[in-house]
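Examination of the molecular architecture
Here is how the chains run, residue by residue.
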Amino acid sequence: MSKDTALMVIDVQNGMFLEDYPIHEEEQLLNRIQLLLAKARESHNPVIYVQHNEEEGAPLETHTPGWEIHTAIAPAAQDLIIQKHVPDSFRETNLQDELAARGIKKLVLSGLQTDLCVDATCRRAVELGYDVIVVKDAHSTCGQGSRSAEKIIEEYNRSFAERVKLLEASEVEFI
C-alpha cells in the first residue's frame, strides 16, 4: 500500500470492554491492532482513531474514563481522532474532509463493533468510493442473544468479503 492509505481504529475505547458484554478475543484484538499501528506508523501512513460519544450515564459518555481510547492502543501525537455520535464514522463528522485533505483513497478498517460501527463505516466508505480493506481478525463484537460473537464475526467477514478486500492483520502491509 502507499501513502494514500490510512489505518482506521474504530471505537476501541475503555467502555467497550465491560464484563457484562465481553468482547470476543479482546486481548488478541488489542494485540492485532497494536501490530497494525506499528506497521502504519513505521511506514508513515496516517492513523485515524474514531471515538464514539454517548449521553450521560452510558459506557462511552463523553469525557469519562469509559470514553477514552484503550491505553493498549493509545494514539500518538500525530494521529487524527474523529468524534462521532452514530455508527457511521462519516456521518456528521469531519472524517471525509480530513481524508480528502490528506489525499487518502484507501482505508484499512479495524475496531469495534463488527456488526455496528465497523459495518456502517465500511458500507459508507464503499459508497463514497474508497478502496476498503477490512482486517478480518482485527475487529470484534460481543454475543447478542443466541448468537455468539464468533458467529457474528464469521457472518460479517463473509459479507465484507463480498464488498471489500479482507486480510488478516499479519497480511496487511503499508509499505
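Small disclaimer: the values here were computed from a predicted structure and weren't measured. (Residues numbered from 1 in each chain as written. Predicted model: local features only at pLDDT ≥ 70, side-chain atom pairs only at ≥ 80, totals over all residues. Heavy atoms only, no water.)

**Here's the deal with the packing of helix α3 (residues 114–127) against helix α4 (residues 149–163)**
For the record, the criterion: The axes used here are C-alpha line fits, helices contributing only the stretch in contact, and every angle between their N-to-C directions lies in the interval 0 to 180 degrees. The secondary structure listing takes helices from DSSP runs of H or I that are at least 4 residues long and strands from runs of E that are at least 2 residues long, numbered from the N terminus. Orientation categories follow fixed angle ranges, with anything under 35 degrees roughly parallel, anything over 145 roughly antiparallel, 65 to 115 roughly perpendicular, and all other angles oblique. Any pair of residues with heavy atoms lying within 4.5 Å of one another is described as a contacting pair. Residues are grouped as follows: Ala, Val, Leu, Ile, Met, Phe, Trp, Tyr, Cys and Pro are nonpolar; Asp, Glu, Lys and Arg are charged; all remaining types, including Gly, are polar.
Where α3 contacts α4, the axes come no closer than 11 Å and their chain directions differ by 5°. In terms of axis orientation, α3 runs roughly parallel to α4. For the pair α3 and α4, the contacting residues are T114, D115, V118, D119, C122 and R123 in the first and I152, I153, Y156, S159, F160 and R163 in the second. Taken together, the residues of the contact of α3 with α4 break down into 6 nonpolar, 2 polar and 4 charged.

**Brief notes about the sheet that holds strand β2 (residues 47–52)**
Condition: We call two strands paired when DSSP finds no fewer than two bridges between them.
Here 6 strands make up an open sheet; going across it, the order is β3-β2-β1-β4-β5-β6 and the pairing parallel. The sheet is open, and its two borders are formed by β3 (80–84) and β6 (165–167), each paired with just one other strand. Taking each pair of neighbouring strands and ignoring which way they run, the sheet shows an average axis angle of 25°. Contacts between helix α2 (residues 95–102) and the sheet are confined to β1 (5–10), β2, β3 and β4 (106–112), with β3 contributing the most and set at about 155° to the helix.

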